[in-house]
Amino acid sequence: MSANSKKGKNHRYSASNITPDLVAIGSHTKDGDYDNYPSEQILEASATEIVAQLHSGDLQPKDYAQQLISHIQANEKRLNALITFEPKRVLASIKTLRQYQKNRECLNGLPVVILDAIDVVDYPTTGATPFLRKSYPKQNAPVIQRLVSAGAVILGKANLHELMWSVTSDSAYFGPVHNPWNTTLLAGGSSGGSAAAV
């Protein structure tokens, strides 16, 4: 993703220039709280760049997840990108970096948002329709199993057009997904929540 920054709108943040002092935005304060404003560099870094930082130990899995959680909490009310989002569950599911590396889980705790049409154990698969809001799958979809086995962490389930039958992501039950750049507009779809979450 291109970054609109002091370095120019076409500058890409690489793993080598996401510096430890900037990724440490999510570190604890004396009261045990986290900063609510993640580093711009962290938010604009690609998954590949974040995984490299996690692998090197410059960024800790739980700190990074907390930064994303804080960002979601600050923006979700205006975007409505997620149907299911449970921060405590997310944080409880994260291992230490040493555990990920010992188990050879190459994603090292990378948080991912999953479209709410894909089965994830312990999460409802609603398809953005009220008729499926209590539909809990007994097993992960194959793609989810591969992600989790590789060390991914489920951050939440993304909103979408009801049953993926159209292109607006305006769900009558869960509400419309708003465009992050102009919240008077819809995000489009059918996977509007996934787009807005990015």
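Note: the structure precedes this text.
Below is a short write-up of the structure. All residue numbers refer to position in the chain's written sequence, counted from 1. Where local features are concerned, this predicted model is filtered to residues with pLDDT of at least 70; where side-chain atom pairs are given and counted, the filter is 80 or more; whole-chain, interface and lining totals use all residues. Here the side-chain values reflect all heavy atoms present in the structure, with hydrogen atoms and water set aside.

Moving on, we get to the packing of aromatic side chains. Classification of ring pairs uses Phe, Tyr and Trp, with its six-membered ring standing for Trp, and accepts pairs whose centres are within 6.5 Å; under 30 degrees between planes counts as stacked, over 60 as edge-to-face, and the remaining range as tilted. Evaluated as defined, the whole model comprises one aromatic pair. As a reminder, the over-ring test applies to NZ of lysine and CZ of arginine, requiring each to be within 6 Å of the ring centre and within 35 degrees of the ring normal. Between the NZ or CZ atom of R89 and the centre of the ring of Y123, over which it lies, the distance is 4.2 Å.

Spatially, β1-β3-β2 is the arrangement adopted by the three strands of the open sheet, whose pairing is mixed. Edge positions in the open sheet fall to β1 (82-84) and β2 (111-115), since each of these has one partner strand only. With strand direction ignored, the average angle separating the axes of adjacent strands in the sheet is 50 degrees. Of the strand pairs in this sheet, β1 and strand β3 (residues 153-158) are connected by two bridges, and their pairing is antiparallel. Bridge pairing in β3 links T84 to K157. Two strands qualify as a pair provided DSSP detects at least 2 bridges between them. Secondary structure elements are defined from DSSP: runs of H or I of at least 4 residues count as helices, runs of E of at least 2 residues count as strands, and each element is numbered from the N terminus. Every angle, taken between N-to-C directions, lies between 0 and 180 degrees, and every axis is a line fitted to C-alpha atoms, over only the stretch in contact when it is a helix.

Among the structural elements, S135 can be located in the loop between β2 and α7 (142-149). You can call S135 partly exposed: its relative accessible area is 29%. Residues S135 and P124 lie 11 residues apart in sequence; the distance between their C-alpha atoms is 5.1 Å. Whether two residues are in contact is decided by their heavy atoms, any of which lying within 4.5 Å being enough. With near-sequence residues (within four places) excluded, S135 lies in contact with Y123, P124 and T125. When accessible area is computed with a 1.4 Å probe and restricted to protein chains, residues below 20% of their type maximum are described as buried, those above 50% as exposed, and intermediate ones as partly exposed.

Throughout this description, the term salt bridge denotes a Lys or Arg side-chain nitrogen within 4 Å of a carboxyl oxygen of Asp or Glu. The full count for this structure, using the stated rule, is three salt bridges. K95 is the salt-bridge partner of E105, the closest N and O atoms lying 2.9 Å from each other. You can see E105 sitting in the loop between α6 (97-102) and β2 and its partner K95 sitting in the loop between α5 (87-92) and α6, a full 10 residues away along the chain. Take K95: its relative accessible area is 31%, and that puts it in the partly exposed class.

With that settled, consider the pairing of strand β7 (residues 182-186). Bridge count between strand β6 (residues 178-179) and β7: two bridges; the pairing is antiparallel. Among the inter-strand pairings, N179 is bridged to a residue of β7, identified as N182. Once β6 ends, the chain turns through two residues before running back antiparallel as β7.

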